[in-house]
Amino acid sequence: KSDIYELIIQYYPLGWFDLLNRFEFGGPVYFFFYTAIGLTICLIGGSVYGINRLLTKFRHPPPFQGWQLVALVSRPQIEGVILAVIPYMVVVSTIHTLFRHDGVLQFDSLHKNWMGSGSIGDVEEVENA
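Cut-off values and rules
Within every chain, residues take consecutive numbers counted from 1 along the sequence as written. Since the coordinates come from a predicted model, pLDDT governs what is reported: local features require at least 70, and pairs of side-chain atoms require 80 or more to be given and counted, while whole-chain, interface and lining totals use all residues. Excluded from the side-chain calculations are hydrogens and water; all other atoms, namely the structure's heavy atoms, are used. Strands are runs of DSSP state E lasting at least 2 residues, helices are runs of H or I lasting at least 4, and numbering of each runs from the N terminus. Throughout, a contact is declared for two residues whenever any of their heavy atoms are within 4.5 Å. Paired rings are identified among Phe, Tyr and Trp, the last through its six-membered ring, by centres lying within 6.5 Å, and are further divided according to the angle between planes into stacked (under 30 degrees), edge-to-face (over 60) and tilted (the rest). Any carboxyl oxygen of Asp or Glu within 4 Å of a side-chain nitrogen of Lys or Arg constitutes a salt bridge here. Patch criteria: residues need more than 30% relative accessible area and no salt bridge. Like-charged residues are merged within 9 Å; nonpolar side chains of Val, Leu, Ile, Met, Phe, Trp and Tyr are merged within 5 Å. Exposure was quantified through the Shrake-Rupley algorithm and a 1.4 Å probe, taking into account, for residues, occlusion by the shown protein chains and nothing else. By definition, pLDDT measures how confident the predictor is in each residue, and it falls between 0 and 100. Residue count minus one, scaled by 1.5 Å, sets the expected span of a helix. Given a residue, its bend is the angle between the two axes fitted to the seven residues that end at it and to the seven that start from it.

1. Some remarks on the overall build of the protein
Inference 1: The secondary structure content of the protein amounts to three helices and zero strands.
Inference 2: When the elements of the protein are put in sequence order from the N terminus, they spell out α-α-α.
Inference 3: Across the protein, contacts joining residues at least 24 apart in sequence account for 0% of those joining residues at least 6 apart.

2. A few points about unusual backbone geometry
The bulk of non-glycine residues show a negative phi, and the bulk of peptide bonds are trans.
Inference 1: Positive phi, close to 50 degrees, is recorded for F23, a residue that is not glycine.
Inference 2: Mapped onto the elements of the fold, F23 is located in the loop between α1 (16-21) and α2 (27-54).

3. Considerations on the packing of aromatic side chains
Inference 1: Within this structure, the stated rule accounts for six aromatic pairs.
Inference 2: Aromatic pair W16 and F25: ring centres 5.1 Å apart, planes at 25 degrees, arrangement stacked.
Inference 3: Ring plane angle 55 degrees and centroid distance 4.8 Å describe the contact between Y49 and F64, whose orientation is recorded as tilted. Residue Y49 is found in helix α2, and its partner F64 is found in the loop between α2 and α3 (66-99); the two are separated by 15 residues along the sequence.

4. Here we look at the pattern of salt bridges
Inference 1: The tally for this structure, following the rule as stated, stands at one salt bridge.
Inference 2: Here R75 and E79 are joined by a salt bridge, their closest N and O atoms 2.8 Å apart. In this pair, R75 and E79 are both assigned in helix α3, four residues apart and thus about one turn of the helix distant.

5. Some details on a nonpolar patch on the surface
Inference 1: Residues F23, F33, Y34, I37 and I41 make up a contiguous nonpolar surface patch of about 520 Å² in total accessible area.
Inference 2: Tracing the backbone through its elements, the reader meets Y34 in helix α2.

6. Description of the confidence of the model for the protein
Inference 1: A residue-level look at the protein finds 77% of positions with pLDDT of 70 or above and a mean pLDDT of 81.
Inference 2: For the protein, the element scoring lowest by mean pLDDT is α1, at 84; α2 scores highest, at 92.

7. A short note on α3
Think of an α-helix as turning once every 3.6 residues; residues three or four places apart then point the same way.
Inference 1: When the terminal C-alpha atoms of α3 are compared, their 48 Å separation across 34 residues agrees well with the 50 Å that a helix rising 1.5 Å per residue should span.
Inference 2: At S74, α3 shows its largest kink, close to 40 degrees, and the proline P76 lies no more than four residues downstream.

Okay, here's the thing in structure tokens:
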């Protein structure tokens, strides 16, 4: 066996697509990016509808019923979010009620410095334990 090894570290820049996939940017970049994608998709859909409306052979084409479509498509998502938030809020409220200063579970008898480093002192006592 050999004890010799060679460690090679290569630095190279990632492309935009890789940076987006690895979530290397901050929140505002993703907000702008996904908003731009959503607006582009809406623009493409509106353009397709407009071209079809202009080139139709119907004398009286049916009116656009976009709001009915939005109500039909978005209702399940809204109901799902509401059904998911209800148990979450129950658990958060219960934990908040149990652990507040005048709540059922009181930890006032524990006088420790929980923000300390928890190091061992010179006399082999465990501090902050």
